[in-house]
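The primary structure of each chain is shown beneath.
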Amino acid sequence: MRTGIAGAAAATFAANRAQGAVRFGVHRKDGATRRGDLHESGSLRVRFPSPEDDGLSAMFVNTAGGIAGGDRFDIAIAAGEGTRLTLTTAAAEKVYRAPAAPARLDIALKVADGAHLSWLPQETILFDRARIVRSFDIDLAEGASLLLSEIVVFGRAAMGETMRHGEFVDRWRMRRGGRLVFAETIRLDGEIGQKLARPAIAGGGCAIGTALIVPGDEALIERIREASDSFGGEVGISAWNGFAMARFCAQDAARLRADMMTVLGRASMVPLPRLWLN
């Protein structure tokens, strides 16, 4: 009897999980970036809020209202030769408590020669006992450029919330010209709150971030370091393999967001999405 009840509960849980997918590509036509075929399914949607001179902006919307355990989302974007595409989200994404299986988010970005892609979502906020596994697979042509920003917040400090337990797995792989140039997997699980308090991890900070800039060199590093006196949190930046990466850690999301905006402003001439400025 107990086995039957457990099986029925598992089936009900699975049936109520959100799933969503977005796949589309952009190409250059008449001197401007234009969208090609678009596939949307489930609770994930993408909107193109306003026309631009030669680039295109897209905004993801999760109509499920957040991410919970067992949810699954897939995103695949291809930027064709000579295109300019900026991607963001309508709001910060919230990841809620997961009693069983973690949520999963898989993102694939492909950028052709002469194309530029900016991946600039708003923050991902993890509530206590949230569990999520995320992956980025990035495929860049030799002549492509990329500006990628990600901010993760472990509990909303302004609301008096903390994340004590949970799971956060973040896998990044980037290839350039078919060659693997960056690979990293971060795993925080179990007593996350205690781990973040350790000096060698976050020193008590509840917000971390990464900015990936391609191409990137020492001149770019020096330009960003000129703004170091204005940083409210910890920021470290370095360049290798033809790209630059900045790491962020702060006591709250607002401070980290301000530091991220400073770095992105110095790293690229691409304007930040309007939603970042509200």
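Each chain has its residues counted from 1, following the order in which its sequence is written. Reporting in this predicted model follows two pLDDT cut-offs: at least 70 for local features of residues, and 80 or more for side-chain atom pairs to be given and counted; totals over whole chains, interfaces and linings ignore these cut-offs and use all residues. Side-chain calculation: all heavy atoms of the structure are included, whereas hydrogens and water are not.

Points about the overall build of the protein chain
Okay, step 1: The way it works is that DSSP assigns letters per residue, a run of H or I at least four long becomes a helix, a run of E at least two long becomes a strand, and they are numbered from the N terminus. Looking only at helices and strands, one finds four helices and 17 strands in the protein chain.
Okay, step 2: Throughout, radius of gyration means the C-alpha value; the globule benchmark is 2.2 Å times the number of residues raised to the power 0.38. What you see for the protein chain is a C-alpha radius of gyration of 19 Å, in line with the 19 Å of a compact globule of 278 residues.
Okay, step 3: Referenced to the eigenvectors of the C-alpha coordinate spread, the extents of the protein chain come out at roughly 65 × 45 × 40 Å.
Okay, step 4: Note on exposure labels: buried denotes an accessible area under 20% of the residue type's maximum, exposed denotes more than 50%, and partly exposed covers the range between, all computed with a 1.4 Å probe on protein chains only. The buried share of the protein chain, reckoned over its 278 residues, is 46%.
Okay, step 5: Here the Shrake-Rupley method, with its probe set to 1.4 Å, supplies the accessible areas, and only the displayed protein chains count as covering residues. Only carbon and sulfur atoms are counted for the fraction: they give 51% of the accessible area of the protein chain, which is about 13,100 Å².

Notes on the packing of aromatic side chains
Okay, step 1: Aromatic pairs are defined between Phe, Tyr and Trp rings, using the six-membered ring for Trp, whenever the two ring centres lie within 6.5 Å; interplanar angles under 30 degrees are classed as stacked, those over 60 as edge-to-face, and all others as tilted. One pass over the full model with this rule turns up nine aromatic pairs.
Okay, step 2: With a centroid separation of 5.8 Å and an interplanar angle of 50°, the aromatic rings of Phe60 and Trp119 are classed as tilted. You can see Phe60 sitting in strand S4 (residues 56-62) and its partner Trp119 sitting in strand S9 (residues 116-119), a full 59 residues away along the chain.
Okay, step 3: The buried category is assigned to Phe60, whose relative accessible area is 6%.
Okay, step 4: Residues Tyr96 and Phe127 carry aromatic rings whose centres are separated by 5.0 Å and whose planes lie at 35° to one another, so their mutual orientation is tilted. Within this pair, whereas Tyr96 is found in the loop between strand S7 (93-95) and strand S8 (103-111), its partner Phe127 is found in the loop between strand S10 (124-126) and strand S11 (131-140), the two being separated by 31 residues in sequence.
Okay, step 5: Overall, Phe127 belongs to the buried group, its relative accessible area being 17%.
Okay, step 6: Ring pairs connect the aromatic residues Phe60, Trp119, Phe136 and Trp172, which therefore count as one cluster.
Okay, step 7: The criterion is that NZ of a Lys, or CZ of an Arg, lies within 6 Å of the ring centre and within 35 degrees of the ring normal, and then a charge sits over that ring. The ring of Trp276 is capped by Arg257, whose NZ or CZ atom sits 4.9 Å from the centre of that ring.

Structural notes on the environment of Met269
Okay, step 1: Tracing the chain through its elements places Met269 in the segment after helix H4 (253-267).
Okay, step 2: When its relative accessible area of 81% is taken as the criterion, Met269 is described as exposed.
Okay, step 3: Separated by 136 residues in sequence, Met269 and Val133 have C-alpha atoms that sit 32 Å apart.

A word on the confidence of the model for the protein chain
Okay, step 1: Model confidence for the protein chain is summarised by a mean pLDDT of 90, while 93% of its residues fall at 70 or above.
Okay, step 2: Ignoring residues within four places in sequence, the model shows residues 5-13, a span with pLDDT below 50, making three contacts including any to other chains. What pLDDT expresses is the predictor's confidence in each residue, scored from 0 to 100. Residues count as neighbours in contact if any of their non-hydrogen atoms are within 4.5 Å of one another.

Structural notes on the sheet that holds S11
Okay, step 1: The strand order across the open sheet formed by seven strands is S2-S1-S5-S8-S11-S13-S14, and the pairing between neighbours is mixed. A single partner strand is all that each edge strand has here, and the edge strands are strand S2 (32-42) and strand S14 (179-190). Taking the axes of each pair of neighbouring strands and ignoring which way they run, one obtains an average angle of 5° across the sheet.
Okay, step 2: One requirement defines pairing of two strands: DSSP has to find at least two bridges between them. Of the strand pairs in this sheet, S11 and strand S13 (residues 166-176) are connected by ten bridges, and their pairing is parallel. For helices, the fitted line uses only the C-alpha atoms of the stretch in contact; every axis is such a line through C-alpha atoms, and the angle between N-to-C directions lies from 0 to 180 degrees.

Description of the pairing of S13
Okay, step 1: Counting buried residues in S13 gives eight out of eleven residues, a clear majority hidden from the surface.
Okay, step 2: Where S13 lies against S14, eleven bridges are found, and the strand directions are antiparallel. Counterpart to Arg173 in the pairing with S14 is Ala183.
Okay, step 3: Connecting the antiparallel pair S13 and S14 is a turn made up of two residues, with Gly177 showing a positive phi of about 60°.

Describing the nonpolar core
Okay, step 1: The term nonpolar core refers to a set of buried residues drawn from Ala, Val, Leu, Ile, Met, Phe, Trp, Tyr and Cys, joined through side-chain atoms within 4.5 Å. Among the nonpolar cores identified, the biggest contains 52 residues, and Leu117, Trp119, Met174 and Leu212 are the most heavily contacted of them.
Okay, step 2: Ranked by the residues each element gives to this core, the list is headed by S8, at five residues.
Okay, step 3: For Met174, the residues in contact, after removing those within four places along its chain, are Ile138, Leu140, Leu146, Arg179, Leu180, Val181, Phe182, Leu212, Val214 and Phe243.
Okay, step 4: Grouped together as the second largest cluster of nonpolar side chains are 26 residues, Leu120, Ala207, Ile224 and Ala239 included.

Observations concerning the state of the cysteines
Okay, step 1: Note that a disulfide, as used here, is simply two cysteine sulfur atoms within 2.5 Å. The full count for this structure, using the stated rule, is zero disulfides.
Okay, step 2: Cysteine Cys206 remains unbridged, with the sulfur of Cys249 as its closest cysteine sulfur at 8.6 Å.
Okay, step 3: Given a relative accessible area of 11%, Cys206 falls into the buried group.

Observations concerning the pattern of salt bridges
Okay, step 1: By convention in these notes, a salt bridge is any Lys or Arg side-chain nitrogen within 4 Å of a carboxyl oxygen on Asp or Glu. One pass over the structure, following the stated rule, counts 16 salt bridges.
Okay, step 2: Across the pair Asp170 and Arg134 runs a salt bridge, and its minimum N-O distance is 2.8 Å. With Asp170 in strand S13 and Arg134 in strand S11, this residue pair connects regions lying 36 residues apart in the sequence. The pair formed by Asp170 and Arg134 is uniform in burial state, with each residue classed as buried.
Okay, step 3: When the shortest N-O distance is used, the salt bridge between Arg247 and Glu184 registers 2.3 Å. Of this pair, Arg247 sits in strand S17 (residues 243-250) while Glu184 sits in strand S14, placing them 63 residues apart in sequence.
Okay, step 4: Classification of Arg247 by relative accessible area gives partly exposed; the value is 31%.
Okay, step 5: A network of salt bridges, in which partner residues are shared, links Arg131, Glu167, Arg187, Asp189 and Lys195.

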